[in-house]
Amino acid sequence: MAYNTIERGRLNTTDYRVFITNCEGKPISPFHDIPLFANEEAKICNMVVEIPRWTNHKMEICKEEPLNPIKQDVKKGKVRFVKNCFPHHGYIWNYGAMPQTWEDVDHVEDSTNTKGDNDPLDVCEIGQTVHKRGAVIQVKVLGVMCLIDEGETDWKIICIDVNDPLADQLNDIADIETLMPGFIKATREWFTVYKIPDGKPANKFAYDGEAKNREFALRVIQETHEQWKKLVGEDGNVTRGDINCQNVCVGSSPFKIEQDACKEIVEKSSAVGAPDTLPEDVDKWHYIPASAL
């Protein structure tokens, strides 16, 4: 199925939104309405690109708003940008989320003794194409890393676009080092240091920073898919908090809404306009001292 985007508001401001539409041009939720699997038998997954590679805008699917559009994260009233930690510029992969997954805040991961971070699974797509914000691409799962982010389990699925020239040769996590030497090390380093310029300590990993294999990653994906099913279902024991579970096509979900309501949600958002000026320090290099690690 082909998906497209509708941009609203002004880039670099708090009112910017990217809505996702289906092949009929009708708005849907990228969190709930896009299937996890593009081909379940082959375990080919869909991925929603939130952040194109080399960019700094800290974008994410907004769990709390109707239709869960992509928006820029906000802190103290200002939109956020990830810092450039030398030698990395912005995000070093296409970064995004797996639809129909959710890391349950009440689920304790046995291997880490930490709870879920309340988000869809994060995805790092390592192919050569820089994908557009809001693109829905099909990916082959290769492995997973487990970041412990402020005491919460924060899985990072590592995958590759099925149309990438290297996709046929990359089938598991070990293949990355063979064909893309240094990439897993760079990924570990990026996640370790990216918050340090903001005054936070270096991030820690479970499993001593080891990237686990495809089989392990598929288990994580399936577990979080089952947790998502409870989120949008009738299970009263799930802690939904402020998550908006409205959807247009999820089976017997009690949160289903009519397609006409989706159109109204988009129309009520801010009118599209010219981007605001980027902050002057977005392209600044930040050098991480060894003492911070």
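Relevant structure appears above.
Bear in mind the structure is a predicted one, so any value in this text is a computation, not a measurement.

Chemist: Provide a residue-level description of the pattern of salt bridges, including the pertinent values.
Modeler: Tallying each qualifying case throughout the model produces 14 salt bridges. A salt bridge links aspartate 154 to lysine 156; the nearest nitrogen and oxygen atoms lie 3.0 Å apart. Lysine 156 gets classed as buried once you look at its relative accessible area, which sits at 2%. The shortest N-O distance in the salt bridge between lysine 212 and glutamate 210 comes to 3.6 Å. Taken together, the shared-partner salt bridges connect Lys63, Glu64 and Asp119 into one network.

Chemist: Please give an account of a negative patch on the surface that cites residues and values.
Modeler: A cluster of acidic residues, Glu258, Asp260, Glu264 and Glu267, forms a negative patch at the surface. You can see aspartate 260 is positioned in helix α4 (residues 259–268). You can call aspartate 260 exposed: its relative accessible area is 62%.

Chemist: Account for unusual backbone geometry, with residues named and values stated.
Modeler: The phi torsion of most residues other than glycine is negative, and most of the peptide bonds are trans. Here the amide bond leading from phenylalanine 86 into proline 87 is cis, since omega sits at 5 degrees, within 30 degrees of zero. Position of proline 87 among the secondary structure elements: in the loop between β10 (84–85) and β11 (94–97). Even without being glycine, lysine 76 reaches a positive phi, approximately 55 degrees.

Chemist: Tell me about the pairing of β11, residues and numbers included.
Modeler: On β11, burial covers both faces: Asn94 and Gly96 on one face and Tyr95 and Ala97 on the other are all buried. As paired elements, strand β5 (residues 44–51) and β11 share three bridges and run antiparallel to each other. Across the sheet, the residue bridging to valine 49 is glycine 96, located in β11.

Chemist: Describe the environment of lysine 132, with residues and values.
Modeler: Examined against the element boundaries, lysine 132 turns out to sit in the loop between β14 (122–125) and β15 (136–149). Lysine 132 sits 127 residues away from threonine 5 along the chain, and the two C-alpha atoms are 9.9 Å apart. Residues in contact with lysine 132, not counting those within four places in the same chain, are Val49 and Pro52.

Chemist: Would you mind going over the nonpolar core in detail, with residue names and values included?
Modeler: The nonpolar side chains of a soluble globular protein tend to be buried with one another. With 53 residues, the main nonpolar core has Trp93, Ile126, Ile176, Trp190, Phe191 and Leu231 as its most contacted residues. In this structure, Leu36, Cys45, Ala206 and Leu218 belong to the second largest nonpolar core, which totals 24 residues.

Cut-offs and rules
Position labels on residues start from 1 in each chain and follow its written sequence. Owing to the predicted nature of the model, reporting of local features is limited to residues with pLDDT of at least 70; listing and counting of side-chain atom pairs is limited to 80 or more, with chain, interface and lining totals taken over all residues. Side-chain measures here rest on the full set of heavy atoms in the structure, leaving out hydrogens and waters. Just to be clear on terms, a salt bridge is a Lys or Arg side-chain nitrogen sitting within 4 Å of an Asp or Glu carboxyl oxygen. For each residue, the accessible area found with a 1.4 Å probe, counting protein chains only, is set against the maximum for its type, and the residue is called buried under 20%, exposed over 50%, and partly exposed in between. Every patch collects residues that have over 30% relative accessible area and no salt bridge, joining them within 9 Å if they carry like charges and within 5 Å if they are nonpolar side chains (Val, Leu, Ile, Met, Phe, Trp, Tyr). Only the protein chains shown count as cover for residues, with accessible areas throughout obtained via the Shrake-Rupley method and a probe of 1.4 Å. Positive charges come from Lys and Arg alone, negative charges from Asp and Glu alone, with His and the N- and C-terminal ends not counted. Think of each charge as sitting on NZ of Lys, CZ of Arg, CG of Asp or CD of Glu. In DSSP terms, a helix is any run of H or I states spanning at least four residues, a strand is any run of E spanning at least two, and both are numbered starting from the N terminus. DSSP calls a pair of strands paired once it identifies at least 2 bridges connecting them. Contacts are assigned to residue pairs with any non-hydrogen atoms lying within 4.5 Å of each other. Grouping buried Ala, Val, Leu, Ile, Met, Phe, Trp, Tyr and Cys residues that are joined through side-chain atoms within 4.5 Å yields what is termed a nonpolar core.

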